[in-house]
Amino acid sequence: MPPRDATQQAQAAPPAKRVLVLTSEDLADANEVPKPLRPLIEEAEDIYVLAPTLTTWLQWVASDVDRARVTADKRLRRVFDHMHADGLAPRGTVADEDQVVAIADALADFDADLIVLRLHEPGSEHRSWHEHRVAERVRSHFDVPTIAFYFDNEGQVVGREDA
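Bear in mind that the values here come from a model prediction, so they are computed numbers and not experimental data. Note that residues are indexed from 1 along each chain, following the sequence as it is written. Local features are withheld for residues below a pLDDT of 70 in this predicted model, meaning they are given only at 70 or higher, and side-chain atom pairs are given and counted only at 80 or more; totals for whole chains, interfaces and linings count all residues. Computation of side-chain values covers all heavy atoms of the structure but excludes hydrogens and water.

*Asks:* Before we move on, can you summarise the packing of helix α5 (residues 99–107) against helix α6 (residues 134–141) with the specific residues and values?
*Replies:* The axes used here are C-alpha line fits, helices contributing only the stretch in contact, and every angle between their N-to-C directions lies in the interval 0 to 180 degrees. Only DSSP runs of H or I with at least four residues qualify as helices, and only runs of E with at least two residues qualify as strands; both kinds are numbered from the N terminus onward. Running from N to C, α5 and α6 cross one another at 40°; their axes reach a closest spacing of 9 Å. It follows that α5 is oblique to α6 by the angle criterion. α6 is crossed by α5, and the crossing has right-handed handedness. Contacts between α5 and α6 involve Gln99, Val100 and Ile103 from the first element and Val134, Arg137, Val138 and His141 from the second. Its residues assigned to classes, the contact of α5 with α6 shows 4 nonpolar, 2 polar and 1 charged. Orientation categories follow fixed angle ranges, with anything under 35 degrees roughly parallel, anything over 145 roughly antiparallel, 65 to 115 roughly perpendicular, and all other angles oblique. By convention, the crossing between two helices is left-handed when the near helix turns anticlockwise from the far helix through less than a right angle, and right-handed when the turn is clockwise. Working rule for contacts: check all heavy atoms of both residues, and any pair within 4.5 Å makes them a contact. Here the term charged refers only to Asp, Glu, Lys and Arg, the term nonpolar to Ala, Val, Leu, Ile, Met, Phe, Trp, Tyr, Cys and Pro, and the term polar to all other amino acids, Gly among them.

As structure tokens, then:
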């Protein structure tokens, strides 16, 4: 699929009032909400952010989630900082390592009308094994419009998939 202008697509999307954001990537060098995501969340009345606990395969086998939870908490705080810098007031939590379970848990209390996935681009050295086919799995489990944004190693949006 050829890359599309993510900003242009975001502007064409219907405005969502309750946005659930799942962030699997870490924008260490960014200091704001990435431009292609802004139109989707600026008009939202409520934003809920999930930072899944992304273990390595070995950590998962050994049930060693402590370091992954600390990393997820740092990722969540960084996303909050970016959103606060843009005048947004999100809330959220560190979530289950299975993104579908994490979203299901959140949707039990947060009636989202849009799910935004922030993922590493396929083939990225930072991509977690948990991210494999996550956009497809989310779309097949939930009847909520879902948009996946793919980020490169520098924190730039390099792709977008709508459902």
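*Asks:* Let's hear about the nonpolar core: which residues, and what values?
*Replies:* Residues Val19, Val21, Ile41, Ile47, Val49, Met83 and Val116 are the most contacted members of the largest nonpolar core, which totals 23 residues. Secondary structure elements with two or more residues in this core: β1 (18–23), α2 (38–41), β2 (46–52), α4 (66–85), β4 (114–120) and β5 (146–151). Apart from the residues lying within four places of it in its own chain, the contact partners of Ile47 are Val19, Val21, Ile41, Met83, Leu88, Pro90, Arg91 and Phe110. Only buried residues count toward a nonpolar core, which is a set of Ala, Val, Leu, Ile, Met, Phe, Trp, Tyr and Cys residues joined through side-chain atoms within 4.5 Å. Remark: exposure states derive from per-residue accessible area (1.4 Å probe, protein chains only) relative to the maximum for the residue type, with buried under 20%, exposed over 50%, and partly exposed in between.

*Asks:* If you had to explain the environment of Phe110 to someone new, which residues and values would you point to?
*Replies:* Note on placement: Phe110 falls in the loop between α5 and β4. Classification of Phe110 as buried rests on a relative accessible area of 2%. Along the sequence, Phe110 and Ile47 sit 63 residues apart, while their C-alpha atoms lie 9.4 Å from each other. Not counting chain neighbours up to four residues away, the residues in contact with Phe110 comprise Arg18, Val19, Leu20, Asp46, Ile47, Tyr48 and Arg91.

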